[in-house]
Amino acid sequence: MVRTRFAPSPTGYLHIGGVRTALFNWLFARHHGGQFVLRIDDTDQGRNQPEALQPILDGFRWLGIDWDEGAEIGGPYGPYYQSERLDRYQSAVKTLLAKGLAYHDYATPDELKAEREAVEKEKRPYLPSRRWMAETDAERTRFESECRKSVVRLKMPREGTCRFHDRIRGDMAVAWNQETDHVIQRADGSCLYNLANVVDDFDMRITHVIRAEEHLSNTPRQIFIAQGLGYPLPEYAHVPFVAEPGSKNKLSKRKLAQYLKNPDFRSAYEHGQAIAAAVRLTTHADTFNPVIVDFYREVGYLPDAIVNYLLLLGWSLDDKTEFFTRAEMIAHFSLERVNKGAASFDVKKLRAFQERYMALESVERKTELVLPFLRNAKLIADPPSAEETARVAAIVRAAGERIKVAGDILDYAAFFQSDDEVIYDEKALNQHIRKPEAAALLRKLREQLATATFEVKALEDLALRFAAAEGVKLGAINQPLRVAVTGKAIGFGTYETLSLLGRERCLARIQRVVE
RNA sequence: GCCCCCAUCGUCUAGUGGCCUAGGACAUAGCCCUCUCACGGCUAAGACAGGGGUUCGAGUCCCCUUGGGGGUACCA
């Protein structure tokens, strides 16, 4: 039985790079009919867990990445929160100590520092001298009589080579003497990552450790621990990290200011901000930006688009397949086709996937997606009446493929606002309305519209006849009309716009604008 | 410093010694469609980091250099 895991820390937000790693774990498990475990890495005591964990779990659920065991649902190999597993780690430390594979180290930080600096001055690679190592009770008593405190360190081999196979990178070999004596337990009894990780993976019967490449260098020391504890070794697969837009640096949640210098990133960010502002969402730059999954949910992206994009960030099936249903992803995913090089995160390409997926959605589905945005922006009632919903559907239909993300419905706020709420774009006014001939034309047109049938075909006929009679191009009347009734120079077809708005509002708005 | 990993168009990638005058997608530019926008259609520009080998033949194998990343923490 294949079992994989992802172990997020409760940081309050779900990072795009983390999701990609989790997705690969999930796909691998599902492909093999195995299980996916969501373990919580909450060893950092400083943080308050429940609030910080919720957004992460919500994010995974929203994306449709479900877990068979772990946070909130439990399972047979729990607890799944590292903070509840201290006794397991401590007993592992005891075993390692008893086998002589670890030792108590009584060195003070200053002593260690001095030792290291001395060696570095001579330009020799540093390995601890083990001068303050205590392996017997007598030695411990002696050091403790000096009021020293001890940590537990791994007693790493100093000769030979650690060899292991990585499903993505191939055969690996690292000389043991490159490994320092890593601390596995602090003086206060708490345990460190390398130890905890190995113990958890064993306890949870993880068969395949699929994680980011920054852990590649940690692998030998973890193998040492696992072997010392008599655990079978899992298979390893180190996936490349997700890099920054336009660079090969690792994507970081802390470098938002820098990413905003990237025009694509910036425009995605601003687009999101505009939608958030319209729906009165209070945002924090820390959690509301295109590096965080929540951002996409708030703005109205489709989870399938994000997952499909992420799948292709470091993995490909062949030279042409781009779109995958979940079932297809699961059927085709393999570690062997994961790339070795880091892939940079491209918001524009993500957006392109979103556009393609959105175009596939039915009007009914898009209407559902869009309703919450209108409600939060107070443009429709909560809950919306059947009449309102039907009207939204009509507008969504008229919008065609113009609604790329659900939040884009807010571009069409003019359809929901009262006549005096409509905001007119200055540039559009200057270009299409504030010209003597345009205003005159609009007045004449308004007279005809007063008695017209407000249906697309009839309006089109009217416009055609009017244009011919006046000897102007169609654009010369359609453009000012659109601006007059929506406030914007861009939008969908003028006849659709007029018919959707209805005679009363159109006449009122034209009236307002020509005055 | 030492150790490890990585390297094809701006970006994601295909490529596993001859099928490569290097293919696709996103982005970009031009044209077409057109009442605006969006969609769509067509076209263009655009890459094997550099240098040595191996081989009849190298993007593909080996070495070096360069560049990027990671580890070397009482972070994960």
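Here the structure is a predicted model, which means the values were calculated and not measured. (Residues numbered from 1 in each chain as written. Chains lettered and ligands numbered in written order. Predicted model: local features only at pLDDT ≥ 70, side-chain atom pairs only at ≥ 80, totals over all residues. Heavy atoms only, no water.)

Turning our eyes to something else, we now look at the overall build of chain A. Regarding its fold elements, chain A presents 21 helices and 13 strands. Against the 2.2 N^0.38 benchmark of 24 Å for 515 residues, chain A shows a C-alpha radius of gyration of 31 Å, more extended than a compact globule. The principal-axis extents of the C-alpha atoms in chain A amount to approximately 105 × 45 × 40 Å. When each of the 515 residues of chain A is scored for burial, the buried share is 50%. Contacts in chain A between residues at least 24 apart in sequence constitute 72% of all its contacts with a sequence separation of at least 6. Surface exposure of chain A reaches about 24,300 Å², of which carbon and sulfur atoms provide 50%. Positive and negative side-chain charges of chain A, numbering 72 and 72 respectively, have mean locations separated by a distance of 3 Å. (Helix = DSSP H or I, 4+ residues; strand = E, 2+ residues; numbered from the N terminus. Rg over C-alpha atoms; globule rule 2.2 N^0.38 Å. Buried < 20%, exposed > 50% of the residue type's maximum accessible area, 1.4 Å probe, protein only. Contact = heavy atoms within 4.5 Å. Areas by Shrake-Rupley, 256 points an atom, 1.4 Å probe, with all protein chains shown as cover. Lys, Arg positive; Asp, Glu negative; His and termini not counted. Charge placed at Lys NZ, Arg CZ, Asp CG, Glu CD.)

Right, let's get into the protein's contact with RNA strand B. Taken together, 56 residues lie near RNA strand B, and Asp41, Arg116, Arg169, Arg186 and Arg402 sit nearest. Backbone sugar and phosphate groups make up 75% of those atoms of RNA strand B lying within 4 Å of the protein. In the environment of RNA strand B, a base nitrogen lies 3.4 Å from a nitrogen or oxygen atom belonging to the side chain of Ser217. Leu312 is positioned with one of its backbone polar atoms (N or O) 2.8 Å from a sugar or linking oxygen of RNA strand B. Top element by residues in the surface near RNA strand B is helix 19 (residues 475-486). It accounts for four residues. When its residues are assigned to classes, the surface near RNA strand B shows 18 nonpolar, 18 polar and 20 charged. (Near = heavy atom within 4 Å. Polar contact = N/O pair within 3.5 Å; in protein donor to acceptor, adjacent residues only side chain to side chain. Nonpolar A, V, L, I, M, F, W, Y, C, P; charged D, E, K, R; others polar.)

Next up on the list: the packing of aromatic side chains. Evaluation of the coordinates by the stated rule reveals 18 aromatic pairs. Taken together, Tyr309, Phe323, Phe345, Phe353 and Tyr357 form an aromatic cluster joined through their ring pairs. The lysine or arginine in question, Arg391, covers the ring of Phe416, its NZ or CZ lying 6.0 Å from the ring centre. (Phe/Tyr/Trp six-rings, centres within 6.5 Å; stacked < 30°, edge-to-face > 60°. Lys NZ or Arg CZ within 6 Å of the ring centre and 35° of its normal.)

Attention now goes to helix 15 (residues 386-399). Between the first and last C-alpha of helix 15 there are 20 Å, a value that for 14 residues agrees with the 20 Å anticipated at 1.5 Å per step. Within the sequence span of helix 15, burial applies to Val392, Ala393, Ile395, Val396, Ala398 and Ala399. Close packing links the buried residues of helix 15 with helix 14 (363-376) and helix 20 (494-501). Taken from the residues just after helix 15, Gly400 is the one with a positive phi, measuring 60°. (Expected span 1.5 Å × (residues − 1).)

Geometric descriptors of this kind do not, in isolation, establish any biological role.
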